[in-house]
Amino acid sequence: MTDLSTSETKPETIPMHMTSGSAIIESSELGKGKTVRTPDKENRPVRVKARDVSVFYGPKQALFDVSIDIPAKAVTAFIGPSGCGKSTFLRCLNRMNDTIEGCRVTGQIELDGSDIHDRDLDVVELRARVGMVFQKPNPFPKSIFENVAYGPKIHGLARSKSELEGIVESSLRRASLWEEVKDRLHEPGTGLSGGQQQRLCIARAIAVSPEVILMDEPCSALDPIATAKIEELIDELKQNFTIVIVTHSMQQAARVSQRTAFFHLGNLVEEGPTDTIFTSPKEKRTQDYITGRFG
Ligand SMILES: Nc1ncnc2c1ncn2[C@@H]1O[C@H](COP(=O)(O)OP(=O)(O)O)[C@@H](O)[C@H]1O
Ligand SMILES: [Mg+2]
């Protein structure tokens, strides 16, 4: 089996088992609750199609002609050493780079066959369809309820108070947070633990029924138990959403994703089924990275 060790010092709570030769990745028992990763089903429709995407920060080019198809209802992981352009590319997918002064994006990106750079496209609506969860949990300084209700309110998704309450409850349930917060919905979201705050941010993203959820190192500020919970949640969410996760942990990529894309120095070096990338990559650079030769 390929050596997946990295220079990471963070303890890993879930030993990883990968069955090479098939696309089944399992994580072992997590306390009492057992998580079995579902097999990778190929031939899923493409949800996001990127072609020759380049990104410049002022005169400096940070991303070079990235082309990738991101399948629906699966988890795609972006891995690669720090500064290789993972976050930059992730931000292209909901046009968050538009908000960065001096940042310029070229190339084509389609969401369900429609150009996301189309002049008629409403960027606010795009960001509801392609939600984002950040490295540091960033709940609004509002109640737990309001954090989740905010998006549905501004997008007019609820016609009544009870409908809004229904959306809040179901979003919190889908984010595996309802049981922990149902008696304190009107307390501040910032009063929750880090892991709970991150699940609240996931509930907030889910509340507007996105098609795609982008996650940029969503566990890097969390302890191993909170990390394991988020990973279990990601595994469940992929039944309904297309998920793209940036992670600096190769173990995490192997545990949660069906497809992995390896970036290096602004290039997408290689992309494919996660077990192929980790057991028989085509490119030497990928091999060197996953075996810990650099990173
Ligand atoms: N807002 C920015 N302004 C200027 N350069 C940036 C900005 N964000 C990222 N970069 C540069 O772009 C490159 C890719 O960064 P990033 O996408 O953050 O990498 P990663 O997420 O893989 O660590 C790096 O060289 C970084 O310094
Ligand atoms: Mg980053």
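Preceding this paragraph is the structure being described.
Just so we're clear, the structure is a prediction, and the values are computed from it rather than from any experiment.

(A) Representation of the environment of glutamine 135 in the model. You can see glutamine 135 is positioned in the loop between strand 8 (130-133) and helix 3 (144-154). Spatially, the C-alpha atom of glutamine 135 lies 6.8 Å from that of cysteine 219, the residues being 84 residues apart in sequence. Sequence-distant contacts of glutamine 135, defined by excluding residues within four places in its chain, comprise Asp216, Glu217, Pro218, Ser220 and Ala221.

(B) Expanded view of the packing of helix 3 against helix 4 (residues 161-174). For the pair helix 3 and helix 4, the least separation of the axes is 9 Å and the interaxial angle reads 120°. Once helix 3 is placed against helix 4, the crossing between them reads as right-handed. Along its contact with helix 3, which presents Phe145, Val148, Ala149, Pro152 and Lys153, the element helix 4 presents Leu164, Ile167, Val168, Ser171 and Leu172. Its residues placed into classes, the contact of helix 3 with helix 4 shows 8 nonpolar, 1 polar and 1 charged.

(C) A look at the sheet that holds strand 6 (residues 103-111). The antiparallel open sheet is built from 4 strands, whose spatial order is 4-3-6-7. Each edge of the open sheet is held by one strand with a lone partner, namely strand 4 (60-71) and strand 7 (114-115).

(D) Layout of the site of ligand 1. Taken together, Tyr57, Ala62, Gly80, Ser82, Gly83, Cys84, Gly85, Lys86, Ser87, Thr88 and Ile100 make up the full set of residues adjacent to ligand 1. If one sorts the elements of the shell around ligand 1 by residue count, helix 1 (residues 86-92) sits on top with 3 residues. Taken together, the residues of the shell around ligand 1 sort by class into 4 nonpolar, 6 polar and 1 charged.

(E) Inspection of the environment of leucine 164 at higher detail. With respect to the secondary-structure elements, leucine 164 resides in helix 4. With 15 residues separating them along the chain, leucine 164 and alanine 149 place their C-alpha atoms 6.7 Å apart. Among residues more than four places away in sequence, those in contact with leucine 164 are Ala149, Pro152, Lys153 and Ala158.

(F) Spotlight on the packing of helix 3 against helix 6 (residues 194-206). Closest axis-to-axis distance for the helix 3/helix 6 pair is 7 Å, and the angle between their directions is 30°. As far as their axial angle goes, helix 6 and helix 3 are roughly parallel. The two elements helix 3 and helix 6 meet at a crossing, and its hand is right-handed. In this structure, helix 3 contributes Ile144, Asn147, Val148 and Gly151 to the contact, and helix 6 contributes Leu200, Ala203 and Arg204. Taken together, the residues that form the contact of helix 3 with helix 6 break down as 4 nonpolar, 2 polar and 1 charged.

(G) Up close: the sheet that holds strand 10 (residues 242-246). Pairing in this open sheet of 6 strands is mixed, and the strands run 8-9-10-5-11-12 from one edge to the other. The sheet terminates laterally at strand 8 and strand 12 (267-273), the two strands that pair on one side only. With strand direction ignored, the average angle separating the axes of adjacent strands in the sheet is 15°. Strand direction decides the pairing type here: strand 5 (residues 75-79) and strand 10, joined by 4 bridges, are parallel. What sits directly across from valine 75, in strand 10, is isoleucine 243. The strands touched by helix 6 are strand 8 and strand 9 (212-216); relative to strand 8, the strand with the most contacts, the crossing angle is about 170°.

(H) Here's a closer look at helix 4. Taking 1.5 Å per residue as the helical rise, helix 4 with its 14 residues ought to reach 20 Å, and the 20 Å between its terminal C-alpha atoms agrees with that figure. Within helix 4 the residues assigned to the buried category are Ile167, Val168, Ser171 and Leu172. Buried residues along helix 4 cover an arc of 125° about the axis, so they all sit on one side. The exposed set on the far side of helix 4, more than 90 degrees from its buried face, consists of Ser162 and Glu163. Structurally, helix 4 contributes buried residues whose contacts are with helix 3, helix 5 (178-181) and helix 6.

The rules behind each value
Residues numbered from 1 in each chain as written. Chains lettered and ligands numbered in written order. Predicted model: local features only at pLDDT ≥ 70, side-chain atom pairs only at ≥ 80, totals over all residues. Helix = DSSP H or I, 4+ residues; strand = E, 2+ residues; numbered from the N terminus. Contact = placed C-beta atoms within 7 Å. Axes fitted to C-alpha atoms, helices over the stretch in contact; angles between N-to-C directions. Left-handed = near helix turned anticlockwise from the far one by under 90°. Nonpolar A, V, L, I, M, F, W, Y, C, P; charged D, E, K, R; others polar. Pairing = 2+ DSSP bridges. Near = placed C-beta within 6 Å. Parallel < 35°, antiparallel > 145°, perpendicular 65-115°, else oblique. Expected span 1.5 Å × (residues − 1). Buried ≥ 20, exposed ≤ 12 C-beta atoms within 10 Å, placed from the backbone. Arc of directions from axis to C-beta.

These results come straight from atomic positions and should not be treated as a statement about function.
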